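Okay, here's what each chain looks like letter by letter:
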Amino acid sequence: MNQKPEAKRIVMKFGGTSVGNAERIHQLVEIVRRRSHEGPLVVVVSAMSGITNLLEEACTKAANKNEAYHSTLDTIIRRHEECIASFPFSAAMSAELINQIREPLNRLGIICRGLSLVGDLTMKTKAHIMSFGELLSSRIIRAAMESDGLNAELIDSRELIVTDNQFLSARVDFEETNKRIRKYIDPSKKIYIAPGYVSRSDTGESTTLGRGGSDYTAAIFAGALDASRLEIWTDVNGMLSADPRLVRETITIPTMSYEEAMELSYFGAKVIYPPTIQPAMTRQIPIVILNSFDPDHPGTTISDHPDQSSHFVKGLTCIQDIVLVTLTGSGMIGVPGVAQRLFQALSEANINILFITQSSSEHTICFAINRQDDSIAKKAMEKTYAFEINLGKIDPIHMEYDLALVAVVGDGMRERAGIAGKLFSLLGENGINIRAIAQGSTERNISFVVNQHNVTKTLNVLHEGFFLSKYKTVHLYLMGTGNVGATLIEQIAVGQKAFKEAGSLDLKVCGIANSKHIYLDPLGIDLKDWRTTLKEHGKVLSLSDLKNEIKQFNLRNSILVDVTASEHVSKIYDDLLASSVHVVTANKIAASSPYPVYKRLKELSAQHNVKFLNETNVGAGLPIIKTIRDLVLTGDHIHRIQAVLSGSLNYIFDRIGSDGCLFSVAVTEAREKGYTEPNPALDLSGVDVMRKLLILSREAGLKLEMEDIKNKSFLPLGTLDANGWEELLDNLKKLDVQFEKERKELSASDKRWRYMASLDNGVVSTGLEEIDSTHPAYHLKGTDNIILMWTDRYANRPMVIAGAGAGPEVTASGVLADVISISNV
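Criteria and cut-off values
- Residues numbered from 1 in each chain as written.
- Predicted model: local features only at pLDDT ≥ 70, side-chain atom pairs only at ≥ 80, totals over all residues.
- Heavy atoms only, no water.
- UniProt positions renumbered as here; feature names shortened; annotations may be inferred.
- Helix = DSSP H or I, 4+ residues; strand = E, 2+ residues; numbered from the N terminus.
- Expected span 1.5 Å × (residues − 1).
- Buried < 20%, exposed > 50% of the residue type's maximum accessible area, 1.4 Å probe, protein only.
- Arc of directions from axis to C-beta.
- 1 Å grid on protein atoms, 1.4 Å probe; cavity = no way out; pocket = protein on both sides within 12 Å on 5 of 7 lines; lining within 4 Å.
- Points joined across faces, edges and corners; volume = space filled by probe spheres on them.
- Nonpolar A, V, L, I, M, F, W, Y, C, P; charged D, E, K, R; others polar.
- Salt bridge = Lys/Arg side-chain N within 4 Å of Asp/Glu carboxyl O.
- Pairing = 2+ DSSP bridges.
- Axes fitted to C-alpha atoms, helices over the stretch in contact; angles between N-to-C directions.
- Contact = heavy atoms within 4.5 Å.
- Phe/Tyr/Trp six-rings, centres within 6.5 Å; stacked < 30°, edge-to-face > 60°.
- Lys NZ or Arg CZ within 6 Å of the ring centre and 35° of its normal.

- As annotated in an unreviewed UniProt entry, the protein carries the name Bifunctional aspartate kinase/homoserine dehydrogenase I and comes from Candidatus Opimibacter skivensis.
- According to the UniProt record, the Cofactor (unreviewed entry) comment for the protein reads "a metal cation".
- Of the protein, the UniProt comment under Function (unreviewed entry) reads exactly: "Bifunctional aspartate kinase and homoserine dehydrogenase that catalyzes the first and the third steps toward the synthesis of lysine, methionine and threonine from aspartate."

Structure, rendered in structure tokens:
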């Protein structure tokens, strides 16, 4: 008769947060109960959350003769006793368990008392003390299982896992350990509980497997027993695409290879302890990362053949606060053994090298180490190369601080062209400089060093750029809350949901400013009641302070949006562009400033790979500037322009010509509708049109200044020399009779006034002109603008662009279109 094959064991490991209190332990018991129906189990447990740190604190204080260690020990005792008291144990079981807990804790008190007398903490003693947490928690968990009807046997892992005498990060003797585990585990017994992290040397001394070693303990058991799978139960839903403390839009990675998991864990992913993977990989045992707070979530499965993913980059991780060490000198070129001496010296000093790169000239070796190892590494290197340094053949050891090591990991990057190029492009667009870079021949990992200040920005930029985030987040700083500014905020607020759904774009307004207050929030401002927020919580900051705050926030995909008419605001563009902040502006002052200023902004935009967009400088939302740029970019030449570029003036003269409205009344209406400035003198002077024509001429390739434009005023001298609107209106009323007389004469000839801007083979002018019905501008209505362009390609019939050229809605939508065009790059 054929016997049913023996079921393989499942090894389960529960971390500190999963055993942190009675409630969490009860959840653990329920998870174990469910798994026990699938096969026999080995359950490996960590110390209660925070206990290992308290143990380290207690022994350190005791060794420093700090009597406060008593208080720390009391906290450890209280945490365990409160946990026991929270279970519905029988009185007898509670008493027995408390005795089991107090006995080792009493010994711990004696050891700490001895440390306070001797004043010396050896690694051997520290390892012994640090092992108490898992030994205590495993006893409580076994009692909880027994109380809940689960029969579990408690293993002392120290009797089974044999190591060397590197007490705090011991190396496992796998041959002896595997033999002991296989001999001890009885196939007929359903559940074993084992304390993680703890082990014993071949000479009988207590050792530990390193912080995070409970994962390793579970992997050791899994490998020895050829388990069906290894489950790591933690407090997150599997292996995430990045650290959620640094990247908000992380995703769970459903499957990954052992190699991917090793790369991510080595470079700082905290979900799994790096040595854990090797024993499982050797025996091809799947590792499943699960969440004890959400036990039904599928988590992450690590195996030899993960499912194919649409993401060729699986995850990003980083090691912060590293030191970049450079060994350089002419005496290194062509000299055998230089690198070997370096690595030997660092190995003998127990220095772990995180990252290394070497120039092909052999002139320089650059590598990264942890911050706490810097002085030891420097001494070791100076001793090793003392002779060469004294002779000047090797330069003094150079160390750079405040850096972080970032790794981009994914099997899908192998043999896929353009990954490194895209990475560099994304970082360059956001002003992030790479200090050093390395990529192995497996192409599974690209590692590089950036300034510590840029690490959060770096991770978010890459996470979005490689489509690991659901949305691309763009951070906006809005200058101006007048008609256009308020309308723009409303358009953003109304459109946010659509931007996310249609374009995977998350627009966050992180700053709003008017002439009185500035309110900033790097997490984003709630736009539902922004006026109250700005009024009640806004600060009085200078533009210099604002600029520095934006730079200090250092947010990815940042855009300054200027819808003011302020010269002062325009003066901060250059510094922000140089700091990799895009600029979108409806403010015409910068682009119509002296040509060197305009040229400088264009150069900064190109140098720092950021955008300076000013489409709404001319024609509000009409695509005039972009069209001219595209024509020039594709090799066309613009010879002649005729245009109506002022929506306010066109409204005024359309009301006069079409409706017989008095001049002063038409100006008043335009002002009330928000088409002109609060004081319409700027509109009526023609200066606004001059600026627009200057901007178009420069985009067409001409190096012109305002003085080069001939402006023919249609008003008598002195009309605009008024002190405020009321006085100006009085002056305008005096002209009503003359304007009405001339209007009738024009009407009789079937002509109308249009304020025209003209570029004709380098000659530029503006002024009021009389046009007949054959001219395309004759039929313009309201605030419409029109531009006619004659070019090499449009020599016989001009290109024509026409439409509404003024008003808060069309101007705000044009600004928003510029913002979105940057965002979609």
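### Observations regarding helix H3 (residues 69-85)
Alright, step 1. End to end, H3 covers 24 Å across 17 residues, agreeing with the expected 24 Å (1.5 Å per residue, within 8%).
Alright, step 2. By the burial criterion, the buried members of H3 are Tyr69, Thr72, Leu73, Ile76, His80, Cys83 and Ile84. Taken end-on, H3 shows its buried residues confined to a sector of 120 degrees, consistent with a single buried face.

### With respect to the layout of surface pockets
Alright, step 1. Considering only enclosed or pocket space, the second largest pocket measures out at about 980 Å³ in volume.
Alright, step 2. Lining the second largest pocket are 42 residues, with Val484, Val563, Thr564, Ala565 and Glu677 positioned closest to its centre.
Alright, step 3. Classifying every residue of the lining of the second largest pocket by side-chain character gives 14 nonpolar, 21 polar and seven charged.

### Observations regarding the pattern of salt bridges
Alright, step 1. Inspection of every chain in the model, using the stated rule, returns 46 salt bridges.
Alright, step 2. Where Glu205 meets Lys124, a salt bridge forms, and the shortest distance between an N and an O atom there is 3.3 Å. Of this pair, Glu205 sits in the loop between strand E6 (198-201) and strand E7 (206-208) while Lys124 sits in helix H5 (residues 123-130); the two residues are 81 residues apart in sequence, bridging distant segments of the chain.
Alright, step 3. Given a relative accessible area of 37%, Lys124 falls into the partly exposed group.
Alright, step 4. The shortest N-O distance in the salt bridge between Glu388 and Arg341 comes to 2.7 Å. Of the two residues, Glu388 is situated in helix H13 (residues 386-391) and Arg341 in helix H11 (residues 338-348); the sequence distance between them amounts to 47 residues.
Alright, step 5. With relative accessibility at 29%, the residue Arg341 sits in the partly exposed group.
Alright, step 6. Among the ionic contacts, a cluster of salt bridges with common partners joins Arg35, Glu38, Arg229 and Glu231.

### What to know about unusual backbone geometry
Alright, step 1. A positive phi angle is found at Asn557, which is not glycine, with a value near 50 degrees.
Alright, step 2. Tracing the sequence through the fold places Asn557 in the loop between helix H18 (543-553) and strand E21 (558-562).
Alright, step 3. Judged by its relative accessible area of 11%, Asn557 is buried.
Alright, step 4. Located in the positive-phi region is Asp750, a residue other than glycine, with phi close to 55 degrees.
Alright, step 5. Structurally, the position occupied by Asp750 is in the loop between helix H28 (736-748) and strand E26 (751-760).
Alright, step 6. Overall, Asp750 belongs to the partly exposed group, its relative accessible area being 38%.

### Looking at the sheet that holds strand E5 (residues 191-195)
Alright, step 1. Within the open sheet, the eight strands sit side by side as E3-E5-E2-E1-E8-E10-E11-E9. Their pairing is mixed. With one partner strand each, in any of the chains shown, strand E3 (152-154) and strand E9 (255-257) form the two edges of the open sheet. Ignoring which end each strand starts from, the neighbouring axes of this sheet average 20 degrees apart.
Alright, step 2. Here helix H6 (residues 132-147) sits on the sheet and contacts strand E2 (41-45), E3 and E5; the angle it forms with E5, its principal contact strand, is near 155 degrees.

### Looking at helix H22 (residues 624-633)
Alright, step 1. Those residues of H22 that fall on the buried side of the exposure criterion are Ile624, Ile625, Thr627, Ile628 and Leu631. End-on, the buried residues of H22 take up no more than an arc of 160 degrees, which puts them together on one face.
Alright, step 2. Against the buried residues of H22 lie strand E24 (638-644), helix H26 (687-699), strand E28 (784-791) and strand E29 (799-804).

### Thoughts on the packing of aromatic side chains
Alright, step 1. Counted according to the given criterion, the structure contains 15 aromatic pairs.
Alright, step 2. Between Phe739 and Trp753, the aromatic rings sit 5.6 Å apart at their centres with planes inclined by 75 degrees, giving edge-to-face as the arrangement. Remark: Trp753 occurs in strand E26 and Phe739 occurs in helix H28; sequence separation between them is 14 residues.
Alright, step 3. Phe739 sits in the buried class, given a relative accessible area of 8%.
Alright, step 4. For Trp753, a relative accessible area of 6% corresponds to the buried category.
Alright, step 5. Grouping aromatic residues by their ring pairs yields a cluster made of Phe653, Phe663, Phe714, Phe739, Trp753 and Tyr755.
Alright, step 6. In this structure, Arg640 packs its charged tip against the face of Trp790, placed 4.2 Å from the ring centre.

### Side note on the environment of Ile489
Alright, step 1. Residue position: Ile489 is located in helix H16 (residues 483-503).
Alright, step 2. Taking relative accessible area as the criterion, Ile489 reaches 0% and is therefore assigned buried.
Alright, step 3. As for Ile489 and Leu527, which are separated by 38 residues in sequence, their C-alpha atoms are 7.3 Å apart.

### Considering the sheet that holds E21
Alright, step 1. Taken in spatial order, the six strands make up an open sheet running E20-E19-E18-E21-E22-E23, and their pairing is mixed. Single-partner strands in this sheet number two, and they are strand E20 (518-520) and strand E23 (612-613).
Alright, step 2. Strand direction decides the pairing type here: E21 and strand E22 (residues 582-585), joined by four bridges, are parallel. Residue Ile559 lies in a different strand from E22, and its bridge partner there is His582.

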